[in-house]
Amino acid sequence: MLRVRPPVFSSLRLYSQFAENPSLKLVAQLRKLTEVSITKAREALAASNNDVSAALAWLQNDLAVSGAQKAAKLAHRAAGEGLVGASVLARGTGSGAGHGGVRAALVELNCETDFVARNALFARLVADVAHTAAFLAEPAEPESDSSASSSIRHVPRAQLLDAPLLSAEGPAPSPAALSSHGTVADAIRTAMAKLGENIVLQRAAAVAHEPVPRTRSELGLRVATYAHGQGGAPLPPSQAQGRVGALALIALKSPRLQALLGASEFRGDLERVERALARQIVGFDTPAIRGEEGALYGQPFMMPGGALEGETVEAGLGRWAREKQLILDTDGGDTGGIQVMEYLKWTVGESPDAT
């Protein structure tokens, strides 16, 4: 008796009777959660028997493999575009009840084209990396403070790349990341797989200070950020992104400081001055705070509203401090109780400092 074997593809036909093609509704749901292509969403659902949770896990594994492969292929390609991103976790003295410390970061993330630099997924990645750098910043040691030391410190790239990525949007994972797990390097590889371009963490810097002790109530530290050339969706006050970005550390000193900071009107005015200072640093070729040609304090103060029009930054700060009664008990010479202590300014594509 002749026996005929069933075709090897009969099992596939049997499976197809139970595994229906993914519906448009499921495909749309998966794409909303992950922003993957229609083809990739269909592939994930088909491989997961139309289970969205299982499809998410399939995509995560697929991205891990394809991301590593694509990253290896793209790593040699030049990445001269991108964004400078700033993140502020704690703005400083007077920023809220129970707070008063400073914690912020500046990062530069590069890609190949301006098209990807303006992509929402890339912008979220920049925000998350900056947020992570700010969160992990080590507070400056008070004992080490000196005129020669800097509070804004470069963060080693290898250290940041190995750190767990923290979402700037909070505990919930960013939809584009597919998962709240993974390192900064993992997130960059995932973005490379999805965007098809080489992405490089060029540099990072951060500043962290504990709150000023209550015994020194006349002192305060604040941080200001600004970025120009972002051109995308509006960002929350804690973030800034653009082709040029700056982070500045500002000191306050006055016997009346705590009383002044208790007034919402003064805090609002202070924030406008801080933003104007950071914008001034970004908008001008600013080699130093003072003492050099083109230095910040010698520039005409371009504060919006014209309140300080025609004055240098130094003179304008002094007049503003006197008008707000933010003054020092000095024996002569000081311009007022607000000073720019140090700053960092980065432009996309320029030769980076030591990283």
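Everything here concerns the structure above.
Residues numbered from 1 in each chain as written. Predicted model: local features only at pLDDT ≥ 70, side-chain atom pairs only at ≥ 80, totals over all residues. Heavy atoms only, no water.

Participant: Quick question: what am I supposed to make of the packing of aromatic side chains here?
Facilitator: When we look at a pair of aromatic rings, we describe it by the centre distance and by the angle of the planes. Evaluation of the coordinates by the stated rule reveals one aromatic pair. Lying across the ring of tyrosine 226, arginine 279 places its NZ or CZ 5.6 Å from the centre. (Phe/Tyr/Trp six-rings, centres within 6.5 Å; stacked < 30°, edge-to-face > 60°. Lys NZ or Arg CZ within 6 Å of the ring centre and 35° of its normal.)

Participant: I would appreciate a short explanation of the packing of helix 6 (residues 120-136) against helix 8 (residues 184-195) in the present structure.
Facilitator: Packed helices, taken two at a time, are described by the angle their axes make and the gap between the axes. Where helix 6 meets helix 8, the closest approach of the two axes is 11 Å, and the angle between their N-to-C directions is 175°. As far as their axial angle goes, helix 8 and helix 6 are roughly antiparallel. Of helix 8, the residues touching helix 6 (which contributes Leu121, Phe122, Leu125, Val129 and Thr132) are Val184, Ala187, Ile188, Ala191, Lys194 and Leu195. Split into classes, the residues belonging to the contact of helix 6 with helix 8 amount to nine nonpolar, one polar and one charged. (Axes fitted to C-alpha atoms, helices over the stretch in contact; angles between N-to-C directions. Helix = DSSP H or I, 4+ residues; strand = E, 2+ residues; numbered from the N terminus. Parallel < 35°, antiparallel > 145°, perpendicular 65-115°, else oblique. Contact = heavy atoms within 4.5 Å. Nonpolar A, V, L, I, M, F, W, Y, C, P; charged D, E, K, R; others polar.)

Participant: In this structure, what is going on with the sheet that holds strand 6 (residues 239-242)? I would like to understand it.
Facilitator: Overall, antiparallel pairing links the five strands, which are arranged 3-4-2-1-6 in an open sheet. With partners counted over all chains shown, the strands left at the sheet margins are strand 3 (153-154) and strand 6, one partner each. Pairing between strand 1 (residues 81-91) and strand 2 (residues 102-111): ten bridges, direction antiparallel. Counterpart to arginine 91 in the pairing with strand 2 is valine 102. Across the sheet, helix 6 lies against strand 1, strand 2, strand 4 (200-209) and strand 6, angled at about 140° from strand 2, the strand it touches most. (Pairing = 2+ DSSP bridges.)

Participant: What should I look at first to understand the nonpolar core in this one?
Facilitator: Nonpolar side chains tend to gather and get buried jointly when the protein is soluble and globular. Membership of the largest hydrophobic core comes to 32 residues, with the highest contact counts inside it found for Leu109, Phe122, Leu125, Val129, Leu160, Ile188 and Ile199. Of all the secondary-structure elements, those providing two or more residues to this core are strand 2, helix 5 (114-117), helix 6, helix 8 and strand 4. Here this core gets nine residues from one element, more than from any other, and that element is helix 6. Excluding residues that lie within four positions of it along the chain, valine 129 makes contacts with Val107, Leu160, Leu165, Val184 and Leu201. (Core = buried A, V, L, I, M, F, W, Y, C linked by side-chain atoms within 4.5 Å. Buried < 20%, exposed > 50% of the residue type's maximum accessible area, 1.4 Å probe, protein only.)

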